[in-house]
Every structure is written in structure tokens, then in C-alpha cells.
Amino acid sequence: MKKVMAMLCTLLLLGLTACGTDRESISVGPAEITETITDSEAAQDETEADDALSTNSPGTVTEGTEYYQGFLIDNVFHSTSEGDIHYNVYFPESYDGSEPYALYVTLPGYEGLYFQGVASNLKSEDFGLEAIHYNERMIVLAPQFEDWRETSASQTIALVEYFLTRYNIDADRVYANGYSGGGETMSLVLSEHPDLFTAYLHVSSQWDGTFDAVAEAYLPIYFVVGRDDEYYGSEPTISAYNSLHELYEQQGLTEEEIDELLVLDIKDHAYFTEQGAPNEHGGGTFVAYDEEIMSWLFSKVSDTEETANRFPDYLEEIPEDYLTPASLQGELVDFYYETWESTTYE
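Residues numbered from 1 in each chain as written. Predicted model: local features only at pLDDT ≥ 70, side-chain atom pairs only at ≥ 80, totals over all residues. Heavy atoms only, no water.

Some points on the overall build of the protein
Defined as follows: In this description a helix means any DSSP run of H or I spanning at least four residues, a strand means any run of E spanning at least two, and both kinds are numbered starting from the N terminus. Exposure classes here rest on a 1.4 Å probe applied to the protein chains alone. A residue is buried below 20% of its type maximum, exposed above 50%, and partly exposed in between. The contact criterion used throughout is that any non-hydrogen atoms of two residues lie within 4.5 Å.
In terms of regular secondary structure, the protein is built from 11 helices and 11 strands. In the protein, buried positions account for 49% of the 346 residues. Counted over contacts in the protein with a minimum sequence separation of 6, partners at least 24 positions apart contribute 65%.

Spelled out as C-alpha cells, the structure:
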């Protein structure tokens, strides 16, 4: 049995090494250019190794053989619980698995679903393509599902969990956006597993999930929609923001603390027309070019401590007793200082 396991481990290592070599040799190409991998043995090796270990893994992967603007397209994660999940993925050339990289997950609207064509999400929306400019140490995952409801939500969770275990991902920098139907899917995902993500961008969509788990996780969310969005209107977005705002108020958060977690951005019609968008809903994809909004998303970093995203209430004010000299003077023998500051001093 030990010999069999040793052979399987060796096969897996060979597959991973070959795959990494091929990925590093591909550079980002110009728009509308598709590159074909001439040596497909690396992908085949990794697939065979994954198959051999399938009994102890959440699934196996069949890698794609073509690139679109730096994204390896039409990969398939054969999830043991959720079936086949198609996805496109961008790995920076510098990624070799030795250091943790951020992860960005972008869920498309109707035009980007898999039945619309391979990589149609990358061709109809630029969230993934624009994201690579914000962090050179970030992997971009662009799934293509068949729907925007419970099935796609379960597949999103399965795929993200696979990436978090399969690759060296910085768990404090896992970002996501959902546009239109993709936003509906992500709202269901966050209702179940807000802990998977650091921050979320909800674009031109509606919230189909619940809110309690999101509020308990203190997940930062940026809501943006056109005031007269032709498909959803702005009311569902406003309602979702208000629901979360109310939950945070019930938890005792101040307005300043809530503003750190929630942003409601209702765009006037001019925001879209000035960028040449045909309408407000379709113009939601133009948010990908909005540096202020995208920078907000990628600036967030999780705090894995229990005080995540909050300054401890008991440190908000200095007790009056601390401002007067002690009645009994003594000698300082030891001093221990615990801080929630994130600044590094040199």
C-alpha cells in the first residue's frame, strides 16, 4: 500500500511541476487573441494525477488548452458533490506556489453563462481583465455556470473552496464581485459562506439571499446600481443595504463603523451615458473601469482575529481613572502592550 501511495504522490508532483512550467511561459496577449498551448502533456499529467487521488479529494480538474488574454479558458472542475464546473483562470507569471497570492472571483451576468460560449464572460465583461492591474500578486477566477440560482451558488462555494485548498491563497485577500445574475448567485453564496471572502462588490443586481450570516461576519460590501436600472430598478439594492444597516445598528455599531462595512452608491443616468453605455443595466459592466470602486474592493484586508473589521468597544474611550495619578506609586517591573493597530513601525 505504501508503494502505491508513493507512486501516486510522485505522479502528482510531476504533473504539478510540468503545469507550472507551461503557465509561466505564456504571457498576456492583446485583445481578441486566443493562444493555443502546443504542449498539452502538462495538463494531461496533472489530470491523470488528480484522477488517481480522486478518492481523497473534492474533485478533479481537466485543464483547458487555450488562452484568452492571459486566462486559461474552459477548465472543468469535476466536483464530487456539485458536478462539472467550467471556469477560466488567470495566474500571474510570478505565481509558483511558494508564496500566498490574493484571489478574485468574478461572477457574470446572463451573457457570460457557459451556454453563451467559452470565455463569453471575459468577452462581455471586463471585471476580471481589469482586476489584474490592481494587484500583480492576485489570481483571478472567472467561473461560467448554467444558471444564477441555487445550483450556481453551490458550485461557486465548491470551486472557491477547491482553490483555497489546491493553491497557495492568502485567505485574508479573497475578493468577489457579482454583476446582474451573478450578483443574485453571490448573495446566495454569502448567505451560507461569507467567511470565504474578504470583501464583495454587488453590481446592478438584487439580493436573493439572507443577511444574518453576512452581518455576523462583518463582511464589507459595496452596492452600486443605476437609479433607473432597466432590469432590477434600484429599490432591491437599497432594500438590501437597509437590511444590513439595520442589523449592524442592532449590534451596536456606530454610523462610522457601518460606513466602513457598507457603501450604497446609486448612480445617476449621466454616469452611464458619459461612458457611452447603451443603458443603465448594461452600463453596470462599466463599473469594472471605475478606479475608485475597484480600489475600494481590493484595499480591504481581513482580520482573522475575533475583532475583525471592528475597533473594540472598550477601547473607544479612555477611562477617567487612567487620567489621574495612582494613589500608590510603585515600580514598573514588566509592561505588556496589546494593540489592534495595523501600522508597521520601523
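Re the pattern of salt bridges
What counts is decided by this rule: We count a salt bridge whenever a side-chain nitrogen from Lys or Arg sits within 4 Å of a carboxyl oxygen from Asp or Glu.
For the structure shown, the criterion picks out 4 salt bridges. Between Glu-99 and Arg-137 there is a salt bridge, with its nearest N and O atoms 3.1 Å apart. Linking Glu-99 in the loop between strand S5 (83-90) and strand S6 (101-107) with Arg-137 in the loop between helix H4 (127-131) and strand S7 (138-144), this pair joins segments that are 38 residues apart in sequence. Overall, the relative accessible area of 31% leaves Arg-137 in the partly exposed class. Of the charged contacts, one joins Arg-173 and Asp-170 as a salt bridge, the two residues approaching to 2.8 Å between their closest N and O atoms. Residue classification places Arg-173 among the partly exposed residues on the basis of a relative accessible area of 32%. The exposure class of Asp-170 is buried, given its relative accessible area of 17%.

Comments concerning a negative patch on the surface
Condition: Each patch is built from salt-bridge-free residues with over 30% relative accessible area, joining like charges within 9 Å and nonpolar side chains (Val, Leu, Ile, Met, Phe, Trp, Tyr) within 5 Å. Residue-level accessible areas treat just the shown protein chains as cover; the underlying method is Shrake-Rupley with a 1.4 Å probe. A residue counts as positive if it is Lys or Arg and as negative if it is Asp or Glu; His and the chain ends are not included. The atom standing in for a charge is NZ when the residue is Lys, CZ when it is Arg, CG when it is Asp and CD when it is Glu.
Taken together, the side chains of Glu-246, Glu-249, Glu-255, Glu-256, Asp-259 and Glu-260 define an acidic patch exposed on the protein surface. Those elements that provide at least two residues to the negative patch are helix H8 (235-250) and helix H9 (255-261). Assignment of secondary structure puts Glu-260 in helix H9. Judged by relative accessible area, which is 48%, Glu-260 ranks as partly exposed.

Re the side chain of Asn-177
Quick reminder of the rule: Two N or O atoms count as a polar contact when they lie within 3.5 Å, although within protein this holds only if one can serve as hydrogen donor and the other as acceptor, and sequence-adjacent residues are included solely when both atoms are side-chain atoms.
Within the secondary structure layout, Asn-177 lies in strand S8 (residues 169-179). One polar contact links Asn-177 to Thr-106, side chain to side chain, over a distance of 2.7 Å. Apart from residues lying up to four places away in sequence, Asn-177 is in contact with Tyr-104, Val-105, Thr-106, Leu-107, Phe-127, Met-186, Tyr-200 and Leu-201.

With respect to helix H11 (residues 291-299)
An α-helix turns once per 3.6 residues; consequently, residues spaced three or four apart project the same way. Those residues of H11 that sit buried are Ile-293, Met-294, Trp-296, Leu-297 and Phe-298. Of the residues flanking the start of H11, the one acting as N-cap is Asp-290, its side-chain oxygen 3.2 Å from the backbone nitrogen of Glu-292.

Topic: the environment of Ile-169
Among the structural elements, Ile-169 can be located in strand S8. With a relative accessible area of 11%, Ile-169 lands in the buried category. Ignoring sequence-local partners within four residues, the contact set of Ile-169 consists of Pro-100, Tyr-101, Leu-103, Ile-139, Phe-163, Leu-164 and Val-174.

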